[in-house]
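# Coordinate analysis (summary)
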Amino acid sequence: MAKLILTQNDQVIKEFPLNKECLTVGRRPENDIRIENPAISGQHCQIINILNDSFIEDLNSTNGTIVNDRPVKKHALANGDVIKLGEHQLQYVNELASNAAVSDEFAKTMIIRTDAMGMPMHEADAQVEESVEKISEAIAQSEPEPAPEATPEATEVKRARLKILNGTNANKELELTKPMTTLGRPGVQVAAITRRDHGYSIVHVEGKEDQYPIINGTSTGKGIHPLNDKDIIEVAGIKMEIRFF
């Protein structure tokens, strides 16, 4: 299990398992990780855990949150990252964390507004409010995926891309390179596609009551659902085909 190791002056004070979807760090006693130091805000930052990955977000603290000697607002944590909070440090330990390249703006979690795919990605991102907490809640409330059948040969996760089938962006393609990609229109319908060791899956994140993603003409309902090559996915009225390669 992933954990944070709290140290001060190279002395280990305590270890904190990341066993909740969201943990807060700060000076107040109600925080999951309490650090009594005047340089630390009452509620300084939070750690959001999604599948095997964790993200840190500064909560408008007075002195800021530093990861690997760089100030961050949002950051996808990698195994071995060191979070500096005043005189204290939190080391992130998680050998199962994704090895994908990360950035300070949650590179592992990319939200796509399908009707904006024709514009540069940074412009599309600017129009979309990220919903990491909702994704975490959706996954936490979902029933576990059925375990894949054992095979004699070890198989590597295939690469995949989405092809838009309708609307003004028909025939545009998006390669699924991130451990998590969210699709849809915030406030209307959002779903997340996750990439894990045994393949790709989709989970409903938000939308109107009983309005879930559709796969091959059938509503997924709640829960995490595996995706297969050439499946037709419909989210927020946009149809897409997933292709493995």
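Residues numbered from 1 in each chain as written. Predicted model: local features only at pLDDT ≥ 70, side-chain atom pairs only at ≥ 80, totals over all residues. Heavy atoms only, no water.

### A short note on the sheet that holds strand S13 (residues 160-164)
Whether parallel or antiparallel, the strands of a sheet pair through hydrogen bonds between backbone atoms. Pairing is antiparallel in the open sheet, where 6 strands are placed in the order S14-S13-S22-S21-S18-S19. Looking along the sheet, the strands with just one partner apiece sit at the ends: strand S14 (173-175) and strand S19 (218-219). By the bridge criterion, 5 bridges tie S13 to strand S22 (residues 238-244) in an arrangement that is antiparallel. The residue bridging Leu162 from the neighbouring strand is Ile242, located in S22. (Pairing = 2+ DSSP bridges. Helix = DSSP H or I, 4+ residues; strand = E, 2+ residues; numbered from the N terminus.)

### Digging into the nonpolar core
Judged by nonpolar contacts, the single largest core of 20 residues is most densely connected at Leu4, Ile83 and Leu85. Apart from the residues lying within four places of it in its own chain, the contact partners of Leu85 are Val25, Ile35, Ile40, His44, Cys45, Thr65 and Leu90. (Core = buried A, V, L, I, M, F, W, Y, C linked by side-chain atoms within 4.5 Å. Buried < 20%, exposed > 50% of the residue type's maximum accessible area, 1.4 Å probe, protein only. Contact = heavy atoms within 4.5 Å.)

### Here's the deal with the sheet that holds strand S2 (residues 11-17)
Pairing in this open sheet of 6 strands is antiparallel, and the strands run S2-S1-S11-S10-S7-S8 from one edge to the other. On the outer flanks of this sheet lie S2 and strand S8 (70-72), each paired with one strand and no other. This sheet shows a mean twist of 30° between the axes of neighbouring strands, independent of strand direction. Bridge count between strand S10 (residues 82-85) and strand S11 (residues 88-93): 4 bridges; the pairing is antiparallel. Following the sheet pairing, Leu85 is matched in S11 by His88. (Axes fitted to C-alpha atoms, helices over the stretch in contact; angles between N-to-C directions.)

### What to know about the pairing of S13
Burial of S13 is one-sided: the residues Ala160, Leu162 and Ile164 facing one way are buried, the residues Arg161 and Lys163 facing the other way are not. In this sheet, S14 lies alongside S13 in antiparallel orientation, the contact comprising 3 bridges. Note that in S14 the partner of Lys163 across the bridge is Glu173.

### Some details on the packing of aromatic side chains
Using the criterion set out here, one finds 1 aromatic pair in the structure. Above the face of the Phe245 ring, Arg161 is positioned so that its terminal group lies 4.1 Å from the ring centre. (Phe/Tyr/Trp six-rings, centres within 6.5 Å; stacked < 30°, edge-to-face > 60°. Lys NZ or Arg CZ within 6 Å of the ring centre and 35° of its normal.)

### Points about the pattern of salt bridges
On inspection of all chains with the given rule, the structure shows 7 salt bridges. For Lys3, the salt bridge identified is with Glu15, shortest N-O distance 3.2 Å. Placement of Lys3 in strand S1 (residues 3-8) and of Glu15 in strand S2 is noted, with a sequence separation of 12 residues between them. Across the salt bridge formed by Lys73 and Asp58, the nearest N and O atoms sit 3.5 Å from each other. Taken together, the positions of Lys73 in the loop between S8 and strand S9 (74-76) and Asp58 in strand S6 (residues 53-58) put the pair 15 residues apart, joining distant regions of the chain. (Salt bridge = Lys/Arg side-chain N within 4 Å of Asp/Glu carboxyl O.)

### Some words on the pairing of S11
Here S11 shows one buried face, formed by His88, Leu90 and Tyr92, and one open face, formed by Gln89, Gln91 and Val93. Taken together, the 6 bridges between S1 and S11 define a ladder with antiparallel strand orientation. Across the sheet, Gln8 pairs through a bridge with His88, a residue of S11.

### So, the environment of Lys230
Note on placement: Lys230 falls in the loop between strand S20 (224-226) and strand S21 (232-235). Here the alpha-carbon distance between Lys230 and Lys163, two residues 67 residues apart in the chain, equals 10.0 Å. When neighbours within four sequence positions are excluded, Lys230 is seen to be in contact with Asn216, Glu241, Ile242 and Arg243.

### A closer look at the side chain of Thr220
Checked against the element boundaries, Thr220 lands in the loop between S19 and S20. We classify Thr220 as buried; its relative accessible area is 12%. Residues within four places of Thr220 in sequence aside, it is in contact with Tyr212, Pro213, Ile215 and His225.

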